[in-house]
Amino acid sequence: MADPYSDLGSQDQALQERIADAMEARCLEPAQIAIRQAYLQDLNLPPNAAALELGSGTGHVTRDLITFAGAATANGIEPSPVMVTRAKTHFAADPRLSFETGDAKNTGLEDASFDLILLHTLLCHVPGPEDVLHEAFRVLKPGGVLAICDGDYSTATTRIADYDPLDQLVRFMINQNVTNLWIMRQISAMLVDAGFSLGSRKGHGYVAEGEATYLLTVIDRGADRMVEEGLLFPETAEALKAEAQARVAAKSFFGFMSYVSQIAIKP
Ligand SMILES: C[S@@+](CC[C@H](N)C(=O)[O-])C[C@H]1O[C@@H](n2cnc3c(N)ncnc32)[C@H](O)[C@@H]1O
């Protein structure tokens, strides 16, 4: 199956809703918020900066462009109508935020109209990420900042010992849901080719905490996908989901992935 995030607006409503739930759970985890704050807080934007998130999902990360980066306004562009409706509904009371359906490769926005553009866990899902970088370059003002953060997906694990079967679900989910596992190891050269100057690059270790809400959605979705693919019987999938929940209850669950952020400037 092709990565459903690469064409989310065309997926059935139930899948869009399930992915929106998972995205929302991830956005709200304190360890994920800390990662976003770490790379957005020192960008030194001009006064009244206009910011844009491409691939804005449920909109929580778009709001970080105001709360962490200090932008005056933030606009989100996202192809999934389910995501855009959630973002508009949730942030209806905040006039600084706006959300529209659209494509990061062809936004229709004016040249040189934004001070900051964010791509947070977008590029790993996009076939032809160079096209998104060229569009971001066009839409940024000279001196504008492009902030990129994505998973370093080969590092994702829930393994607590050799041959741990839960880890297979995570590897399977990444295989099925990520278009380019290596994007953050390739991004610097792509940015230079697109005309950007490189700014700071940081690594961020994500360790699931507490109820491990987001990683449990990964395990649940991985188990269900294995059933759809005929790889597991439904009762085995349910047993693996129960194993993950039991580990959380017993405080023996472990989940980890590295994220990498890269700042770039349009000269
Ligand atoms: C993993 S989600 C991240 C959403 C949000 N940035 C966050 O971190 O919560 C990736 C998002 O990128 C969107 N996306 C995929 N291809 C896109 C494209 N060509 N243009 C704009 N958004 C796209 C998907 O619909 C999805 O909502």
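This text goes with the structure placed above it.
Here's a quick rundown of the structure. Keep in mind that what you see is a predicted model, and the values were worked out from it rather than measured.

Here is what the cut-offs are and how they apply
Residues numbered from 1 in each chain as written. Predicted model: local features only at pLDDT ≥ 70, side-chain atom pairs only at ≥ 80, totals over all residues. Heavy atoms only, no water. Helix = DSSP H or I, 4+ residues; strand = E, 2+ residues; numbered from the N terminus. Buried < 20%, exposed > 50% of the residue type's maximum accessible area, 1.4 Å probe, protein only. Contact = heavy atoms within 4.5 Å. Phe/Tyr/Trp six-rings, centres within 6.5 Å; stacked < 30°, edge-to-face > 60°. Lys NZ or Arg CZ within 6 Å of the ring centre and 35° of its normal. Near = heavy atom within 4 Å. Polar contact = N/O pair within 3.5 Å; in protein donor to acceptor, adjacent residues only side chain to side chain. Areas by Shrake-Rupley, 256 points an atom, 1.4 Å probe, with all protein chains shown as cover. Nonpolar A, V, L, I, M, F, W, Y, C, P; charged D, E, K, R; others polar.

## Examining the side chain of Thr 62
With respect to the helices, strands and loops of the structure, Thr 62 is situated in helix H3 (residues 60–67). Its relative accessible area of 0% is what places Thr 62 among the buried residues. The residues contacting Thr 62, other than those within four sequence positions of it, are Glu 53, Ser 56, Ala 74, Asn 75, Gly 76, Leu 97 and Phe 99.

## Thoughts on the packing of aromatic side chains
By the definition in use, this model includes three aromatic pairs. Aromatic side chains Tyr 206 and Tyr 259 sit 6.2 Å apart centroid to centroid with 85° between the ring planes, which places their arrangement in the edge-to-face category. Within this pair, whereas Tyr 206 is found in strand S6 (residues 197–207), its partner Tyr 259 is found in strand S7 (residues 256–265), the two being separated by 53 residues in sequence. A single burial state applies to Tyr 206 and to Tyr 259, both of which are buried. The ring centre of Tyr 214 lies 5.7 Å from the NZ or CZ of Arg 26, which sits over that ring. Positioned over the ring face of Phe 137 is Lys 266, at 4.9 Å from the centre of the ring.

## A closer look at the site of the ligand
The local shell around the ligand holds 19 residues, among which Glu 53, Gly 55, Glu 78, Asp 103 and Ala 104 are the closest. In the model, a nitrogen atom of the ligand is placed 2.8 Å from a nitrogen or oxygen of the Ala 104 main chain. Surface burial for the ligand is 96%, taken as the share of its 600 Å² of free accessible area covered by protein chains. It is helix H1 (residues 13–28) that provides the largest number of residues to the shell around the ligand, a total of three residues. A per-class count over the shell around the ligand returns nine nonpolar, six polar and four charged.

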